[in-house]
Amino acid sequence: WFAFFSFLLYTKNIRGGMGMKKYILVLLLGGILITTTGCFNSKTLTCTSSTMDTGFKATTEIAVEFDGDDAKSLTLTSTTEFDSSSKDIMDEYESLLNDTVEEYKNDGYITSLERDGDSIIYYTASKQIEDMSEEERETFGIESSMTTYDTYKNGFEEMGYTCE
């Protein structure tokens, strides 16, 4: 956007000798250039799922970044809230996630794990989709038929996620 506004200011300064039709043509061509270079083609598909059981509630969000219809990266975010009586379960879960974080880091993921007292664990993992192995794609439920925004959305919704 900065480049576009700089362009507008520049054309304002040079348009003194330019007629209105030429000025509009320059603006139109600038808008076409910005649109065709991909400035407006990125979008994010965000899908969520929640699970409740005795002692905890887990919410999972999967965000897939797209450039046009090409999926570029996937970020999984998990928030698990535990009842005060479930501290032992929380400790075991945190230990399991620590192992997962280390495995994912070794596989090139950007990961984080954070514990908020004795009630909440936040976990995040993200990676470029093109760098994922077939096994990693299967772990996240990414099927080979999922190649566009709509097929990702439909695939995650079939797995029980709500997508926006």
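Structure: above.
The rules we used
- Residues numbered from 1 in each chain as written.
- Predicted model: local features only at pLDDT ≥ 70, side-chain atom pairs only at ≥ 80, totals over all residues.
- Heavy atoms only, no water.
- Helix = DSSP H or I, 4+ residues; strand = E, 2+ residues; numbered from the N terminus.
- Contact = heavy atoms within 4.5 Å.
- Areas by Shrake-Rupley, 256 points an atom, 1.4 Å probe, with all protein chains shown as cover.
- Pairing = 2+ DSSP bridges.
- Axes fitted to C-alpha atoms, helices over the stretch in contact; angles between N-to-C directions.
- Disulfide = S-S within 2.5 Å.
- Core = buried A, V, L, I, M, F, W, Y, C linked by side-chain atoms within 4.5 Å.
- Buried < 20%, exposed > 50% of the residue type's maximum accessible area, 1.4 Å probe, protein only.

A. Examining the overall build of the chain more closely. The helix and strand inventory of the chain stands at five helices and six strands. The order of helices and strands in the chain, counted from the N terminus, is α-α-β-β-β-α-β-β-α-α-β. Taking contacts inside the chain between residues at least 6 apart in sequence as the whole, the part at least 24 apart equals 48%. Carbon and sulfur atoms provide 52% of the accessible area of the chain, an area that totals close to 10,600 Å².

B. Region of the structure containing the sheet that holds strand β4 (residues 110–116). A sheet is described by the order of its strands in space; here six strands give the open sequence β4-β5-β3-β2-β1-β6, paired in antiparallel fashion. The open sheet terminates on both sides in strands that have one partner only, identified here as β4 and β6 (162–163). Here strand β1 (residues 42–53) pairs with β6 via two bridges, running antiparallel. Within the sheet, the bridge partner assigned to Cys47 lies in β6 and is Cys163. In this fold helix α5 (residues 149–158) packs onto β1, β2 (56–67), β3 (70–82) and β6, with an angle of close to 0 degrees to the strand it touches most, β1.

C. Quick look at the state of the cysteines. Enumeration according to the criterion identifies one disulfide in this entry. A sulfur-sulfur distance of 2.1 Å marks the disulfide that ties Cys47 to Cys163. When the S-S torsion is 110 degrees, as for the bridge of Cys47 with Cys163, the disulfide is right-handed. With Cys47 in strand β1 and Cys163 in strand β6, this residue pair connects regions lying 116 residues apart in the sequence.

D. Just the side chain of Ser78, in detail. The residue Ser78 is located in strand β3 in this model. Aside from chain neighbours lying at most four places away, what touches Ser78 is Thr59, Thr60, Tyr93, Ile121, Tyr122 and Tyr123.

E. Here's a closer look at the pairing of β2. Where β1 meets β2, twelve bridges bridge the pair, whose relative direction is antiparallel. Note that in β2 the partner of Ser49 across the bridge is Thr60. The hairpin formed by β1 and β2 contains two residues between the paired strands, and Gly55 there has a positive phi angle of roughly 95 degrees. Bridge count between β2 and β3: twelve bridges; the pairing is antiparallel. Its bridge partner being in β3, Glu61 is matched across the sheet by Thr77. Taken together, β2 and the strand that follows it, β3, pair antiparallel across an intervening segment of two residues, in which Gly68 is found at a positive phi of about 70 degrees.

F. Summary view of the nonpolar core. By size, the foremost hydrophobic cluster in this structure holds 27 residues, and its most contacted members are Leu45, Val64, Leu74, Phe140, Ile142, Tyr152 and Phe156. For this core, the secondary structure elements donating two or more residues are β1, β2, β3, α3 (87–106), β5 (120–128) and α5. Not counting the four nearest positions on each side in its chain, Tyr152 is found in contact with Leu45, Val64, Phe66, Ala71, Ile129, Ile142, Met146 and Thr147.

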